[in-house]
Structures are given as C-alpha cells and as structure tokens.
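Here is how the chains run, residue by residue.
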Amino acid sequence: MEKIIRAMEKCGVSTWRLTREHTQAVELYYIRKQLDIPRVRELSLVRAEVFRDFEEDGNKFRGSAEIFIEPGMTDDEIAGRIRDAYYAASFVKNPFYELPAPTADGEVLRAGEGFGEMTPAAVAAAAGEVLLSGSGDDTAFINSAEIFASRRRVQIRDSKGTNVSYDADSLSGEFVAQCISPEDVEQFRQFSYQEADLASLREKLEEGIRDVRLRSQAAAAPKTGKYDIILTAENLREILGFYLQRSSSAMIYPQYSTWKTGDNVQGEMGGGERLNLTLQPTFPCSSEGIPLRPRPLLEDGKLCTIHGNSRNAYYLGIEPTGEYEKLSLDAGTLSLEEMRRPGTLEAVSFSDFQMDAMDGHFAGELRLGLLTGEDGKRVPLTGGSINGSLLDAQGKLIFSKERYRDSAYEGPLAVLIPGVTVAGE
C-alpha cells in the first residue's frame, strides 16, 4: 500500500482511494456423495481509484478511473498503470463532488458473527458433512453441489485520511436436487450466509429434497386466472428489493425514482400490513469507507432514508450513508398454515423470478406451485407463469409469523399477495 501511495505522489495524483483485499478461500465440488474437486486459494489484490479534477467552459468536473494492482508488480509497472488511469479519468465528466469525510479507526472491525474460531477449511468441511448426511435416498437426492467458504480482510485508505479495515466471512454455494420417479426432474437451490449457519443449510437441503419430490409428482399447470399467491424466502426478498432500489440515491438523483423522505411510498392500505423496513449493514463500512449502521428505510410505509454513495449524496445535498444490500422487515400476523386457504397458490420455485424496480411489476415462470384445495390438501403443479404489480398489491400484503434469514434478508418467511394473474392452462 505504501509503495502505491508513493507512486501516486510521483505521478501527480493528489486524490485517490485504495482498497486492498486479502482472501483465503476453500471450495468443495461434489458429485452425489463423492468429493470430486477440493480447491484452496489465496488472493491478494489492490483496487486503486484515481480521481482527476478539471474545468471546461467554467464547469468543474471530477473524473475517475479504476485499476488493479497485483503483488509482485515493479515500481515502473505500478506507475504506468496509475498514469494510464489518470489520463483516462480526464474523459469522465462527472460534476464535481467531495469524497466522504475521513474514517481512521485503525483497528480491524468484524462483519457480523463470522466463523468465530473456525477456519474457512473447517467450515467448508462441516458444510460438506451436512450435505452428505442430508443428501436423500435412491429416489430423491442431491446430485451435485458446490460449497464456498472464505475469509476476507479488507483495508480502505484514501487521500483524505480514511484508514479502515475489517474481516468478513462467507459461506455460500449451490446444489441440485434430483428426483427420478415418477418423473426425472431437477431443482436448483442457492445459499449464502455470513456465519457458519449449518442449521439453516441443513433445513435448506431438506426443503430441496422435499420440493423436488413434489416437482416430480406435478403433471399439470394451474388454470389461468387470478390467485392469492404465497411467495417465500429469496422470492420475498426479491419483492422487497423494490423498496431498496427505489430509495437509492442512484435512482433518485437521475429521477428514475421521484421518492422523497417522508413520502408514503406504500400508498393506501387495503387490509394489509404497514411496512417497517430497516437497512442492515453487511459490512462495517462501505466501499468508500463510510461507517455502516442499521437505518430505518420505511416506517409505517413512509420513506425515512435515501441511501447511497458519496457522489450522488453530494449532488442531492444529503448525508452519504454508503450502499446497503441487506434488509430486515418487522411484520408478520398470520402463520403459514393460515395463509394456505383453499384456492391459494404457493409459488415454491421459479425458472426465474424478477422484480422490476422501474415499473413495480414482478413475474416468473412457475417450476413448482402448490395449490390448496377445498379439502385442505395441496396439489403440486408446474408450468405457466405469474405476473403482478406491487404498486397495486402493496397495501394488501400479509406476512407470515415464521421467520427466515440469509446474507441479504431477515424477516418473515412468506408473504401473501392477493389477486395475482396466473397464465396457465
């Protein structure tokens, strides 16, 4: 880092930001119950942002360019990359903005609970044991899986005096559940945690086996019509991502979003629950070194915080909060069983589910749905698609008492959305 800072000074660069990441990671690749490929990697890299101030026709600009510097590069190679970036920054005509106030903690912070005393290798091995013990039987099983456990140390320094470091652990991966009878089908699942949450991983594996059995039994698509839809887990988080994106300064400054603090962004209520959303820090600080802390996003459906990086905050004349990716939701009045009323369609999995932050529409092709009949039994269905408008439904949302947690969301497991269009048979 000191070598790069000296090179910045020699190249005449007075405004800069350096982010050094050192990552230790273990990757395990499984086929059925056999470990196919284990991989260990260690990576050290510095990302350098170079800023250049200039004027044209009386207007002041601050351009920027980004480069990567690897260990082992010579002084001349580092200086060459910096000069190239400084030249490239002169073509980026962003209106002038200030970098955030300096943060100089000096100590190494921690992102969440992390792995504790366990190493990434130990966490990956423990996750592999969970995978093997919960991999099903000869009819329904996990046919392949990938497990990634990593520990990163991140240090951020800039020319204004910021010097902050933190450690961040991550357990993530994916698996494919397969059922060969009565129909040979597969279901894909992902997982991501900031801790060694082996209990949640085991539960997700068991759900994957259960759901692929149901998918194997599904032979028909739902009838075309309007349904009360239940969305769960990652799909519920995708829905709530609408509020995260629309409230970001990156959407508000260019006027893609017209939201202002104090606005009732949830609109009129129609029997649903008021939204109380909180921005939760994934890391102790943002990529610019801005300290992150929990902040209210919505209180009773009203916008409390516009969040984002320092550039857009400077243009809007607001506090730079840093970027957030994680949400928590304080809600939940019905149990999942109470939601499963006759005629309700629970969308268990999609080929792809998307939430459009520009117009508020959500849609997805249904891989597995469970339709509750008049007798209370749930019938597995596959095929067709759902298409709805969150702007029309947001005053009618009902959330479950059951909870869910991963690296991007903490809150109710499920949401009931009434009157969603389903295109099927």
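A quick note: this is a predicted structure, and the numbers were derived from the prediction, not measured.

S.K.: Let's hear about unusual backbone geometry: which residues, and what values?
M.R.: Between Ser181 and the following residue, Pro182, the backbone shows a cis peptide bond with an omega angle of 10°. Here Pro182 is to be found in the loop between β6 (163-179) and β7 (185-193). Even without being a glycine, Ala233 presents a positive backbone phi close to 50°. By the secondary structure assignment, Ala233 is in helix α5 (residues 233-246). Here Gln255, not a glycine, exhibits a phi torsion of approximately 70°, which is positive. Structurally, Gln255 is set in the loop between α6 (249-252) and β9 (277-280).

S.K.: Break down helix α1 (residues 2-10) for me, with residues and values.
M.R.: Three or more residues of α1 are buried, namely Ile4, Ile5, Ala7 and Met8. Down the axis of α1, the sector holding all buried residues measures 160°, keeping them to one side. For α1, the exposed residues set more than 90 degrees away from the buried face come down to Glu9 and Lys10. The secondary structure elements touched by the buried residues of α1 are β1 (15-31), β2 (34-56), β3 (59-69), α2 (75-89) and β5 (140-158).

S.K.: Explain the environment of Val40 to me, and be specific about the residues and the numbers.
M.R.: Tracing the chain through its elements places Val40 in strand β2. For Val40, a relative accessible area of 71% translates into the label exposed. When the C-alpha positions of Val40 and Ala218 are compared, they lie 41 Å apart, and in sequence the two are 178 residues distant. Ignoring anything within four residues of it in the chain, the contact list for Val40 reads Ala25 and Val26.

S.K.: Provide a residue-level description of the domain arrangement of the protein chain, including the pertinent values.
M.R.: Here the protein chain is described as being made up of domain 1 (2-215) and domain 2 (218-423). Inter-centroid distance (C-alpha atoms) of domain 1 to domain 2 is 25 Å. Across the contact, 34 residues belong to domain 1 and 28 residues belong to domain 2. Summing both partners gives a buried area of about 2,500 Å² for domain 1 against domain 2, and 53% of it is carried by carbon and sulfur. Taken as a group, Gln194, Leu214 and Arg215 account for 22% of the area that domain 1 buries against domain 2, more than any other trio of residues on that side. Across the domain 1-domain 2 interface, the total number found is four salt bridges. Here Arg17 ties to Glu288 by a salt bridge, and the two come within 3.6 Å at their closest N and O atoms. Here domain 1 is connected to domain 2 by 13 residue pairs in polar contact (both at pLDDT 80 or more). Among the elements of the structure, β1, β4 (108-111), β5, β6, β7 and α4 (198-217) are those that each provide at least two residues to the side of domain 1 that touches domain 2. Counting residues per element, the side of domain 1 that touches domain 2 draws most heavily on β7, at six residues. Among the residues making up the side of domain 1 that touches domain 2, the classes are represented as 13 nonpolar, eight polar and 13 charged.

S.K.: How would you explain the packing of aromatic side chains if you had to name every residue and give the values?
M.R.: Summed over the entire model, instances satisfying the criterion amount to 14 aromatic pairs. Taking 5.9 Å as the distance between ring centres and 80° as the angle between the ring planes, the aromatic pair formed by Phe242 and Trp259 counts as edge-to-face. Taken together, the residues span a long stretch of sequence, with Phe242 in helix α5 and Trp259 in the loop between α6 and β9 at a distance of 17 residues. Just as Phe242 is buried, Trp259 falls in that class too. Taken together, the aromatic side chains of Tyr97, Tyr253 and Tyr315 make up a single cluster linked through ring pairs. Above the plane of the ring of Tyr86 lies Arg52, whose end atom (NZ or CZ) is 4.3 Å from the centre. The residue whose ring lies beneath Lys60 is Phe96, and the NZ or CZ to ring-centre distance is 4.2 Å.

S.K.: Before we move on, can you summarise the environment of Gly116 with the specific residues and values?
M.R.: Looking at the element boundaries, Gly116 is found in the loop between β4 and α3 (120-133). With a relative accessible area of 44%, Gly116 lands in the partly exposed category. Put simply, Gly116 and Ala196 are 80 residues apart on the chain and 8.6 Å apart in space, counted from C-alpha to C-alpha. Dropping the residues within four chain positions of it, Gly116 is found in contact with Arg151 and Asp169.

S.K.: Outline the sheet that holds strand β10 (residues 295-299), supporting the account with residue identities and numerical values.
M.R.: Backbone hydrogen bonds are what pair the strands of a sheet, in a parallel or an antiparallel way. Read across the open sheet, the six strands follow the order β11-β10-β9-β12-β19-β18; overall the sheet is mixed. Since the sheet does not close on itself, it has two edges, and those belong to β11 (302-303) and β18 (403-405), each with one partner. Where β9 lies against strand β12 (residues 326-329), four bridges are found, and the strand directions are antiparallel. If you follow Leu279 over to β12, its bridge partner there is Leu327.

S.K.: Describe the pairing of strand β8 (residues 225-232), with residues and values.
M.R.: In this structure, β8 lies alongside strand β20 (residues 414-423), joined through seven bridges in antiparallel fashion. Pairing of Ile230 across the sheet is with Leu416, part of β20. Judged from the three bridges that link them, β8 and strand β13 (residues 345-355) form a sheet pairing that is parallel. Along β13, the bridge assignment pairs Ile229 with Leu345.

So, how was this worked out
- Residues numbered from 1 in each chain as written.
- Predicted model: local features only at pLDDT ≥ 70, side-chain atom pairs only at ≥ 80, totals over all residues.
- Heavy atoms only, no water.
- Helix = DSSP H or I, 4+ residues; strand = E, 2+ residues; numbered from the N terminus.
- Buried < 20%, exposed > 50% of the residue type's maximum accessible area, 1.4 Å probe, protein only.
- Arc of directions from axis to C-beta.
- Contact = heavy atoms within 4.5 Å.
- Domains from an automatic or database assignment.
- Buried area = accessible area lost by both parts, 1.4 Å probe.
- Salt bridge = Lys/Arg side-chain N within 4 Å of Asp/Glu carboxyl O.
- Polar contact = N/O pair within 3.5 Å; in protein donor to acceptor, adjacent residues only side chain to side chain.
- Nonpolar A, V, L, I, M, F, W, Y, C, P; charged D, E, K, R; others polar.
- Phe/Tyr/Trp six-rings, centres within 6.5 Å; stacked < 30°, edge-to-face > 60°.
- Lys NZ or Arg CZ within 6 Å of the ring centre and 35° of its normal.
- Pairing = 2+ DSSP bridges.

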